[in-house]
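# An overview of the molecular structure
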Amino acid sequence: MKINSSKTVIAMAASMALGAALVAAPAFSQTATAVVAPSVTIYGRIDMGVESANDGALTRTMFQNFASRLGFKGERGFNSDLSGMFQVETGIAPDETGLSKTFASRNSYVGLKSHSMGSVLIGTHDMPLKSLEGTANQLWGEGEAMEIIIHGKGSATSSVAGTVFGDVHTRQKNVLLYQSPKFSNIVVKAAYSPDEAQTTTTNQSMYSLSAEYNDGTYNAGIATQSKDKSDKTFAMSATKITLGAKMGSFIGGVAFSALDNNATLAAAARKTNNSLFTIGYVMGATTLKFNYGTSSETASGAADDLTMTAFEVNYALDKQTNLYASYAQIANNKNAKGTYAGADNFPVTGVAGNDPTALTLGVRYNF
């Protein structure tokens, strides 16, 4: 939805308590060849489902929110090449107001965009490693496996004594990010986030870089992310590769990652190698989806490896509204406690080795 009247913009902004700061921000249309006229776009997504959620020991009926969000974005052209831009995006939970996120909790920034030189922004943003997905991340809700498998959230819940291992699903605050224009179907991203809590003994700045090729049929990408290691502190690092294709009714993708906690002491060292396979098949308004992912042990003999399998049937009522049903299962080894990342409040796996499952009926509306 676009609002081109400044009076309308002011009225709507006031009614939504955004304040004068947002009204004064630049606004946009995505035109690339001419000076962009002022406008503001309001966008978002509401994704809710009813779910039979089992943590491996107890089944609960739950109403789940899957990363619903509300956003405002704008762009104002200075000339035919350069424009200013902003975005403010907030996670919301329509079912439980207590779970709604802090204002501007999702990608929110201000920056400049040059059609010939690329974009530079500063604010809160997904690091390039997180945003690299290709066609390897197709399922919704609890079936979304990129965070659990490839970014290491499942491995981070290991019950092995002394394990220090985090995930790299990083939406970072205080980010400076550059994104190149698309040259020969390739886009490069680079991001830097300083450690604003730096002390005389610790300084853990974060860096991430990615390059992705996408010609509309085939896609391939590689990304890396690292954090400076400080004395007595581990610092997760990651490398990620994606490959995929859209060919007729088939959409397929694979992703691989290697995660390392870079521990100073060998006894605390933890690493995983992870893989994810995803396929989708489109039949008119219906899309069938399947994925399978594996995360290795964090150390030899740790027995904290896990696998994840998920199926989904999606029916598009129109371009904005989708109904879907999915089933997902995580198989944990005896010391693993992997659980789902898609919902705001899926119960944790309380006992190592238990296998959580989720049967979900959901509706997603994009606006």
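The coordinates are above.
Let us look at the structure shown here. Note that the coordinates shown come from a computational prediction; the quantities given were computed from them, not determined experimentally.

## Quick word on the overall build of the protein chain
Per the secondary structure count, the protein chain includes four helices and 18 strands. Split into buried and exposed, the 367 residues of the protein chain put 46% on the buried side. For the protein chain, the share of sequence-separated contacts (at least 6 apart) that also reach a separation of at least 24 residues comes to 57%. For the protein chain, the exposed area adds up to about 17000 Å²; of that, 60% sits on carbon and sulfur atoms.

## Quick notes on the pattern of salt bridges
Tallied over the entire structure, the rule returns nine salt bridges. The closest approach of N and O atoms between Glu89 and Arg106, which form a salt bridge, is 2.6 Å. A residue pair is termed long-range when its members are at least 10 positions apart, and Glu89 in strand 5 (residues 82-91) and Arg106 in the loop between strand 5 and strand 6 (108-114) qualify at 17 residues. One exposure class covers both Glu89 and Arg106, and it is buried. In this structure, Asp260 engages Lys271 in a salt bridge whose closest nitrogen and oxygen atoms are separated by 3.9 Å.

## Points about unusual backbone geometry
For Asn185, which is not glycine, the phi dihedral falls at a positive 65°. For Asn185, the location among the structural elements is in the loop between strand 8 (171-179) and strand 9 (186-193). A relative accessible area of 30% means that Asn185 is categorised as partly exposed. Positive phi, close to 55°, is recorded for Ala303, a residue that is not glycine. On the accessibility criterion, Ala303 (8% relative accessible area) is buried.

## Quick notes on the packing of aromatic side chains
The description of an aromatic ring pair uses the distance of the two centres, along with the angle that the planes make with each other. Per the counting criterion, the structure on display carries six aromatic pairs. Here the aromatic rings of Phe290 and Phe311 are separated by 5.0 Å at their centres, their planes lie at 45°, and the arrangement is tilted. Of the two residues, Phe290 is situated in strand 15 (residues 286-295) and Phe311 in strand 16 (residues 306-316); the sequence distance between them amounts to 21 residues. Of the residues examined, Phe311 reaches a relative accessible area of 45% and is grouped as partly exposed. Seen from their ring centres, Tyr365 and Phe367 are 6.4 Å apart, and the 25° between their planes marks the pair as stacked. A relative accessible area of 37% means that Tyr365 is categorised as partly exposed. Sitting above the plane of the Tyr43 ring, Lys73 keeps its charged end 4.9 Å from the centroid.

## Let's talk about the nonpolar core
Counting 24 residues, the largest nonpolar core has Ile148, Ile149, Met308 and Tyr340 as the members making the most contacts within it. Those elements that provide at least two residues to this core are helix 4 (146-150), strand 16 and strand 17 (321-332). Leave out the neighbours within four places in its chain, and Ile148 touches Lys153, Gly154, Ser295, Leu306, Met308, Ile330, Thr339, Tyr340 and Ala341.

## What to know about the pairing of strand 15
Only one face of strand 15 is buried: it carries Thr287, Lys289, Asn291, Gly293 and Ser295, and the other face, with Thr286, Leu288, Phe290, Tyr292 and Thr294, is open. As defined by bridge partners, strand 14 (residues 271-283) adjoins strand 15 across ten bridges and the pair is classed as antiparallel. Considered in strand 15, the bridge of Thr278 is made with Asn291. The hairpin formed by strand 14 and strand 15 contains two residues between the paired strands, and Gly284 there has a positive phi angle of roughly 65°. By the bridge criterion, ten bridges tie strand 15 to strand 16 in an arrangement that is antiparallel. Paired with Thr294 across the bridge in strand 16 is Thr307.

## Details of the pairing of strand 7 (residues 118-126)
Burial analysis of strand 7 places seven of its nine residues in the buried class, the great majority of the element. Sheet topology note: the strand 6/strand 7 ladder contains seven bridges and is antiparallel. For Ser108, the partnering residue across the bridge sits in strand 7 and is Thr124. The loop that links strand 6 with its antiparallel partner strand 7 comprises three residues. The pairing of strand 7 with strand 8 spans seven bridges and is classified as antiparallel. Within the sheet, the bridge partner assigned to Asp126 lies in strand 8 and is Arg171.

Conventions used here
- Residues numbered from 1 in each chain as written.
- Predicted model: local features only at pLDDT ≥ 70, side-chain atom pairs only at ≥ 80, totals over all residues.
- Heavy atoms only, no water.
- Helix = DSSP H or I, 4+ residues; strand = E, 2+ residues; numbered from the N terminus.
- Buried < 20%, exposed > 50% of the residue type's maximum accessible area, 1.4 Å probe, protein only.
- Contact = heavy atoms within 4.5 Å.
- Areas by Shrake-Rupley, 256 points an atom, 1.4 Å probe, with all protein chains shown as cover.
- Salt bridge = Lys/Arg side-chain N within 4 Å of Asp/Glu carboxyl O.
- Phe/Tyr/Trp six-rings, centres within 6.5 Å; stacked < 30°, edge-to-face > 60°.
- Lys NZ or Arg CZ within 6 Å of the ring centre and 35° of its normal.
- Core = buried A, V, L, I, M, F, W, Y, C linked by side-chain atoms within 4.5 Å.
- Pairing = 2+ DSSP bridges.

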